[in-house]
Amino acid sequence: MKNRGATILAIIGAALLILPLVVHDTFVLRVLTEGVMWIGLAIAFDVIAGYTGYLNFGHGAFFGIGAYTIGILMMQAHLPFWAALPAGGVAAGIVALIAGIPTLRLKGAYFAIATWALSRAIQQLALNMEMTGGPDGMRLEAFLNPQFFYYLMLITVGATFAILWYLLERAPFGLKLKAIREDEEGAKALGLNPTKLKMQSFILSALPTGILGGIYAYWITFIDPSSTLGDLVSDQAVVMVVFGGMGTLFGPALGAILIFAFKTIFWAYLSDFQLLYLIILGALIAISVIFIPNGLWGTLVKRKAGATRPEQKAEPASEPAALSAVAAPEEGN
Amino acid sequence: MAEPILKVNSVTKCFGGLTAVDDVSFSVEKGEIVGLIGPNGAGKTTLFNVISGYYAPTKGNVIFQGNDISGKPPYDLAGVGIGRTFQVVKPFAGLTVLENVTIASFLKHPKKADAERHAWQVLETTGLADRANVSAAGLTLAGRKRLEISKALALEPSFLLLDEVVAGLNPTEADRTVELIMKLKAQGLTILIVEHIMRVIMNISDRLVVLNFGKKIAEGTPSEVSSDPHVVQAYFGEEAA
Ligand SMILES: Nc1ncnc2c1ncn2[C@@H]1O[C@H](COP(=O)(O)OP(=O)(O)OP(=O)(O)O)[C@@H](O)[C@H]1O
Ligand SMILES: [Mg+2]
């Protein structure tokens, strides 16, 4: 099972690497680049939303902050792209740290509302500041090399996936975040500091998102408050992750691919109906929550039997009373 | 006599106008099982919450192994050796039993493989190993109570607070849990236990502390306490006294 998964991943990775050598159509490459970007945005969003249980409705703000940081550093401080890019991630991380202090104390819907409101406030800032170009946005120096951006996006998202996979699925960190998600008070008794873990998770979610925003800005060469700081980035991330399967990495990746493919086809044929697209997104969230609460991935891939019991020392056959712990009708709480 | 492992000094805890724990003092010696009893609402769980760092005392302090721990957060107290269970159980419902216990094992075993191995050992001790891979939400009440104990034990604590881990179990399950508690005592663990079932608490406790309306009304060996008129009155009302 493990080996098969690794093989499939290796094949997908190799195919994605070779693709630009085969596909020369700029439009197709552009769609693929954006698709890969959405996988990155979705898995980064899932760190705080799925693993930690804090639904961040302002995820798009990290993306926009990364985009503007790169834009400002390149166009006003005249830094080269490679020097500006890490700053995009760092800026998003710092904003997560500052925004997290008040908001991560809130639970459930209150956190969602607060983060949404904060992201709206950041959009207003970008609309009204001179440095950002206000509503007119900002044009970056153009570097027209679709292959470059495809590979840069692919490598960034690949690295993000690998790092998150290690931290969340291999290292203790992921389980600790899940403990916070399941029961914050109970987690404290086990030596976990929820404030610290939530903050780490929020920053870990923001960093790659800021970097992706930076790559996006240089790639698209034009950013404005509605394209990078609008609701759409957050909304799509939410739908991709909820639809794909929260608290896993493959779920959001799958959700990102499907939703983005749908969006691309939809907008290509029905470009006049952006409102309809938003309505469909909203309906999709509702349908996922009601009918597939574990998302597509959680529904399709049932969790495997899990860890195997280590060799037992010679002990008398398990006592019958052990059976009393077996699942049976609820006895109340 | 050696320094007690735990000293509760004139602890008071108020919720607004309500004094849930009222000037309570007692201590627990190393290796002892002390039973904390009292009618519903007497303040037992509140006192547990003060000792384990969930509440800071309004007045007084708590000394653990010679250090004032009052007001320190629960996650720091877990680190110094205080393990606790919750009367209203707190399983990580979306995770497996093994994952639940592994999370607690991280405290002393920072590597995941080591923590998992340790969690298995704990589950063998508590009799939940057969259920290791089921979701914690799928356990019965008995299973969840045992999971509470497993998580607290996985911290490898020196001092264990057990809040009604026997209540609600059938007699066979109850006996098994009592057996486990005695085994832990034999291993040198110090235990403060809240329990309503008199048969259990009288048998396993070396000493008892009795609370009523937040106040300590008696302290002593089980036989001393059960013949104490204040205790009889608290449990059976005016006429019986
Ligand atoms: N967080 C809280 N806020 C306000 N009042 C509380 C709080 N926790 C407990 N109380 C009150 O404090 C008193 C003591 O409650 P506590 O839970 O400590 O009693 P207990 O001895 O554990 O009772 P039981 O045997 O029913 O578990 C009760 O009157 C309870 O309503
Ligand atoms: Mg209680």
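Calculation notes
Residues numbered from 1 in each chain as written. Chains lettered and ligands numbered in written order. Predicted model: local features only at pLDDT ≥ 70, side-chain atom pairs only at ≥ 80, totals over all residues. Heavy atoms only, no water. Helix = DSSP H or I, 4+ residues; strand = E, 2+ residues; numbered from the N terminus. Rg over C-alpha atoms; globule rule 2.2 N^0.38 Å. Buried < 20%, exposed > 50% of the residue type's maximum accessible area, 1.4 Å probe, protein only. Contact = heavy atoms within 4.5 Å. Areas by Shrake-Rupley, 256 points an atom, 1.4 Å probe, with all protein chains shown as cover. Lys, Arg positive; Asp, Glu negative; His and termini not counted. Charge placed at Lys NZ, Arg CZ, Asp CG, Glu CD. Donors = N, O, S within 2.8 Å, 3.2 Å for Na, K, Ca; no water. Near = heavy atom within 4 Å. Polar contact = N/O pair within 3.5 Å; in protein donor to acceptor, adjacent residues only side chain to side chain. Nonpolar A, V, L, I, M, F, W, Y, C, P; charged D, E, K, R; others polar. Axes fitted to C-alpha atoms, helices over the stretch in contact; angles between N-to-C directions. Parallel < 35°, antiparallel > 145°, perpendicular 65-115°, else oblique. Left-handed = near helix turned anticlockwise from the far one by under 90°. Pairing = 2+ DSSP bridges. UniProt positions renumbered as here; feature names shortened; annotations may be inferred. Phe/Tyr/Trp six-rings, centres within 6.5 Å; stacked < 30°, edge-to-face > 60°. Lys NZ or Arg CZ within 6 Å of the ring centre and 35° of its normal.

**Student:** Mind laying out the overall build of chain B, listing which residues take part and the relevant values?
**Tutor:** Scanning chain B from terminus to terminus reveals nine helices and ten strands. A globule of 241 residues ought to have a C-alpha radius of gyration of about 18 Å, and chain B, at 18 Å, matches this closely. Seen through its C-alpha atoms, chain B measures out along the principal axes to roughly 55 × 40 × 40 Å. The proportion of buried residues among the 241 residues of chain B is 57%. A fraction of 66% describes how many contacts in chain B between residues 6 or more apart in sequence connect residues 24 or more apart. When the accessible surface of chain B is split by element, carbon and sulfur atoms take 52% of a total near 9,200 Å². Each charge class in chain B can be summarised by its mean position, and for the 24 positive and 26 negative side chains these summaries are 6 Å apart.

**Student:** Please set out the overall build of chain A residue by residue, giving values where relevant.
**Tutor:** Along the backbone of chain A there are 14 helices and two strands. Residue pairs in contact within chain A that sit at least 24 positions apart in sequence constitute 79% of those at least 6 positions apart. Surface exposure of chain A reaches about 16,200 Å², of which carbon and sulfur atoms provide 69%.

**Student:** Explain the coordination of the magnesium ion (ligand 2) to me, and be specific about the residues and the numbers.
**Tutor:** Geometry reference: four tetrahedral donors at a metal, ideal angle 109.5 degrees. Six octahedral donors, ideal angles 90 or 180 degrees. All names here are of chain B. Here the magnesium ion (ligand 2) is held by Thr 45 (OG1) and Gln 87 (OE1), and the distances to it run 1.9 to 2.1 Å. Here Thr 45, found in helix 1 (residues 44–51), pairs with Gln 87, found in the loop between strand 6 (82–84) and helix 3 (97–105); they are 42 residues apart in sequence, far enough to count as distant. A relative accessible area of 32% means that Gln 87 is categorised as partly exposed.

**Student:** Residue-level account of the site of ligand 1, with values.
**Tutor:** All names here are of chain B. Near ligand 1, the surroundings consist of 14 residues, among which Gly 41, Lys 44, Thr 45, Thr 46 and His 196 are the closest. Between ligand 1 and Gln 87 there is a distance of 2.9 Å, counted from an oxygen atom to a side-chain nitrogen or oxygen. Protein chains bury 64% of the 640 Å² of accessible surface belonging to ligand 1 in isolation. It is helix 1 that provides the largest number of residues to the shell around ligand 1, a total of three residues. By residue class, the composition of the shell around ligand 1 is five nonpolar, seven polar and two charged.

**Student:** Account for the packing of helix 2 (residues 26–51) of chain A against helix 12 (residues 250–269) of chain A, naming residues and giving values.
**Tutor:** Residue and element names in this part refer to chain A. At a closest axis distance of 8 Å, the pairing of helix 2 and helix 12 adopts a crossing angle of 140°. Classed by the angle they form, the pair helix 2 and helix 12 counts as oblique. In this structure, helix 2 crosses over helix 12, and the sense of that crossing is right-handed. Counting all contacts with helix 2, which are made through Val 31, Glu 34, Gly 35, Trp 38, Ile 39, Ala 42, Ile 43 and Asp 46, the residues of helix 12 involved are Pro 252, Ala 253, Ala 256, Ile 257, Phe 260, Lys 263 and Thr 264. When grouped by side-chain class, the residues that make up the contact of helix 2 with helix 12 number ten nonpolar, two polar and three charged.

**Student:** Lay out the sheet that holds strand 2 (residues 18–28) of chain B with the relevant residues and their values.
**Tutor:** All names here are of chain B. Strand order in the open sheet formed by four strands is 2-1-4-5, with antiparallel pairing between adjacent strands. Pairing within the sheet leaves two strands with one partner each, and these edge strands are strand 2 and strand 5 (67–68). Of the strand pairs in this sheet, strand 4 (residues 59–64) and strand 5 are connected by two bridges, and their pairing is antiparallel. Bridging across to strand 5, Phe 64 finds its partner in Asn 67. The strands touched by helix 1 are strand 1 (6–15), strand 2 and strand 4; relative to strand 1, the strand with the most contacts, the crossing angle is about 115°.

**Student:** How would you sum up the UniProt feature "transmembrane region" (unreviewed entry) in chain A? Please name residues and give values.
**Tutor:** UniProt feature "transmembrane region" (unreviewed entry): in the numbering of this structure it lies at residues 7–23, 35–54, 83–101, 148–168, 202–220, 240–262 and 274–292 of chain A. Across residues 202–220 of chain A, the secondary structure splits into 100% helix and 0% strand, with the terminal C-alpha atoms separated by 27 Å.

**Student:** Before we move on, could you go through the packing of aromatic side chains and cite the residues and values that matter?
**Tutor:** Taken as a whole and judged by the stated rule, the model has 23 aromatic pairs over all chains. Ring centres of A:Phe81 and A:Tyr218 lie 4.3 Å apart, and the angle between their planes is 25°; on these two criteria the pair is classed as stacked. Taken as a pair, A:Phe81 in helix 4 (residues 81–103) and A:Tyr218 in helix 9 (residues 194–220) lie far apart in primary sequence, 137 residues in all. Just as A:Phe81 is buried, A:Tyr218 falls in that class too. Both rings, one in A:Phe143 and one in A:Phe148, keep their centres 5.1 Å apart while their planes meet at 80°; by these two values the pair is edge-to-face. The partly exposed category is assigned to A:Phe143, whose relative accessible area is 31%. Taking the relative accessible area as the measure of exposure, A:Phe148 reaches 22% and is therefore partly exposed. Counting every residue linked through ring pairs, the aromatic cluster contains A:Phe81, A:Trp82, A:Phe143, A:Phe148, A:Phe149 and A:Tyr218. Lying over the aromatic face of B:Phe86, B:Lys90 brings its terminal NZ or CZ to 5.4 Å of the ring centre. If you follow B:Lys151 out to its NZ or CZ, it ends over the ring of B:Phe92, 3.9 Å from the centre.

**Student:** Give me the environment of A:Asp235: which residues, what numbers.
**Tutor:** Relative to the helices and strands, A:Asp235 resides in helix 11 (residues 231–244). For the pair formed by A:Asp235 and A:Ala96, sequence separation is 139 residues and the distance between their alpha carbons is 18 Å.

**Student:** Account for unusual backbone geometry, with residues named and values stated.
**Tutor:** Positive phi, normally seen in glycine, also occurs at A:Thr221, with a value near 65°. Relative to the elements of secondary structure, A:Thr221 occurs in the loop between helix 9 and strand 2 (222–223). For B:Ser10, which is not glycine, the phi dihedral falls at a positive 45°. Within the fold, B:Ser10 resides in strand 1. For B:Ser10, a relative accessible area of 34% gives the class partly exposed.

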